[in-house]
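Geometric and topological summary
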Amino acid sequence: MFAEAIELRLPVRPPYDWGAIRAFLAKRAIPGVEATDPAAAYARTVSLAGRHGLLTVAPGADGLRVTLRGVEAGHAEAVAGRLRRLFDCDADPGAVAACLAGDPILAPLVAARPGLRLPGAWDPFETGCRAILGQQVSVAAAIGLAGKLVAAFGTPLAEPSGGLTHVFPAPADLVEADVARALNMPRARGAAIRALAAAALADPDLFAPAESLEAALLRFTAIRGIGPWTAQYIAMRALKLPDALPVGDVGLLRALETGIGRPSPAELLARAEAWRPFRAYAAQHLWAADEATVTGR
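Residues numbered from 1 in each chain as written. Predicted model: local features only at pLDDT ≥ 70, side-chain atom pairs only at ≥ 80, totals over all residues. Heavy atoms only, no water.

An unreviewed UniProt entry annotates the chain as DNA-3-methyladenine glycosylase II of Methylobacterium radiotolerans. Recorded in UniProt under Catalytic activity (unreviewed entry), the annotation for the chain is "Hydrolysis of alkylated DNA, releasing 3-methyladenine, 3-methylguanine, 7-methylguanine and 7-methyladenine." (UniProt positions renumbered as here; feature names shortened; annotations may be inferred.)

Written out as structure tokens, the structure is:
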């Protein structure tokens, strides 16, 4: 049985749009590793210092409430730091709004969702694998592949909890794995996951903070199979670089569509100069708007 639960509180800078960040994570939840429930909570499996556990995050009166199980008390501070990045607790919504308010499309989106946050990553390697699996496929297809990856190469929990059954594979679990065969996907994409795993094993600082966005992009595009879109996505979520922008993303281009058509990636890049240094937040607003249009919500 898991040891007694540890409770934490994560203060956030208001306004904070919990519903939006939960919805973003829920849509991308990896089966077996992440889950959301009707109580508006986000839950996931974790691996810390050789031990496996569970955490749950939900909104509270004074920020976010966190429940940890299977995690030693001595690791609670480190867990809190990782969760603050995942849930973007320390963002300055006022600065983001002031920067983006000059764009005629972004201004009403920011006004409607002033507390929208930029989701980070609990595990940067996990997020990197997820980005590779998402190359040229839908979010739903990528999540399906991620679930197969976990089922094939993840470590089962000794005590599963509901839909939480595995911890995500570590780099050592995937560096020699025949991912493409297990997931029935293009061999180049499986090779890219193995290359990312090899890079993570060779360089413990692969996901460390970068001196600049450009340095981060060079770091990741040097890995075979990782192109500009994937590198930007990793920089945005795993490294939390607020100016990252996956320029060719179809959702961003669709959200900027006007009566005369969508912008080209080059036109998006030119327009986004005015969004610096918060292009990643602009992307999050555009993705939210595109999602609302597609689903009718």
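A word on the nonpolar core
Counting 88 residues, the largest nonpolar core has Leu-83, Phe-87 and Phe-207 as its most contacted members. Mapping this core onto the domain boundaries places at least three of its residues in each of domain 1 (6-91) and domain 2 (124-232). In this structure, Leu-83 is in contact with Leu-10, Leu-55, Val-57, Val-66, Cys-89 and Trp-122, ignoring residues within four places of it in sequence. Ala-43, Leu-54, Leu-157 and Val-167 belong to the second-largest nonpolar core, a separate cluster that totals 5 residues. (Core = buried A, V, L, I, M, F, W, Y, C linked by side-chain atoms within 4.5 Å. Buried < 20%, exposed > 50% of the residue type's maximum accessible area, 1.4 Å probe, protein only. Domains from an automatic or database assignment. Contact = heavy atoms within 4.5 Å.)

Quick word on the environment of Ala-199
Here Ala-199 shows up in helix α9 (residues 187-202). By relative accessible area, which is 17% here, Ala-199 ends up buried. Sequence-wise, Ala-199 and Ala-222 are 23 residues apart; in three dimensions their C-alpha atoms are separated by 9.8 Å. (Helix = DSSP H or I, 4+ residues; strand = E, 2+ residues; numbered from the N terminus.)

With respect to the UniProt feature "domain: HhH-GPD" (unreviewed entry) in the chain
With numbering matched to this structure, UniProt assigns "domain: HhH-GPD" (unreviewed entry) to residues 133-291. Annotated as 54% helix and 7% strand, the span residues 133-291 places its first and last C-alpha atoms 20 Å apart.

A few points about the packing of aromatic side chains
Taken as a whole and assessed by the stated rule, the structure comprises 6 aromatic pairs. Seen from their ring centres, Trp-18 and Phe-87 are 5.7 Å apart, and the 25 degrees between their planes marks the pair as stacked. Taken together, the residues span a long stretch of sequence, with Trp-18 in helix α1 (residues 18-27) and Phe-87 in the loop between α2 (76-86) and α3 (93-100) at a distance of 69 residues. You'll find Trp-18 and Phe-87 in the same group, each marked buried. Ring plane angle 15 degrees and centroid distance 5.4 Å describe the contact between Trp-229 and Tyr-233, whose orientation is recorded as stacked. You can see Trp-229 and its partner Tyr-233 sitting in helix α11 (residues 228-237), 4 residues apart, about one turn around the helix. By relative accessible area, which is 25% here, Trp-229 ends up partly exposed. Residue class for Tyr-233 comes out buried when judged on its relative accessible area of 4%. Here the aromatic cluster, defined as three or more aromatic residues joined through ring pairs, consists of Trp-18, Tyr-42 and Phe-87. Just above the ring of Phe-24 sits the side chain of Arg-28; from NZ or CZ to the centre is 3.7 Å. When the ring centre of Trp-122 is taken as origin, the NZ or CZ atom of Arg-82, which lies over that ring, is 3.9 Å away. (Phe/Tyr/Trp six-rings, centres within 6.5 Å; stacked < 30°, edge-to-face > 60°. Lys NZ or Arg CZ within 6 Å of the ring centre and 35° of its normal.)

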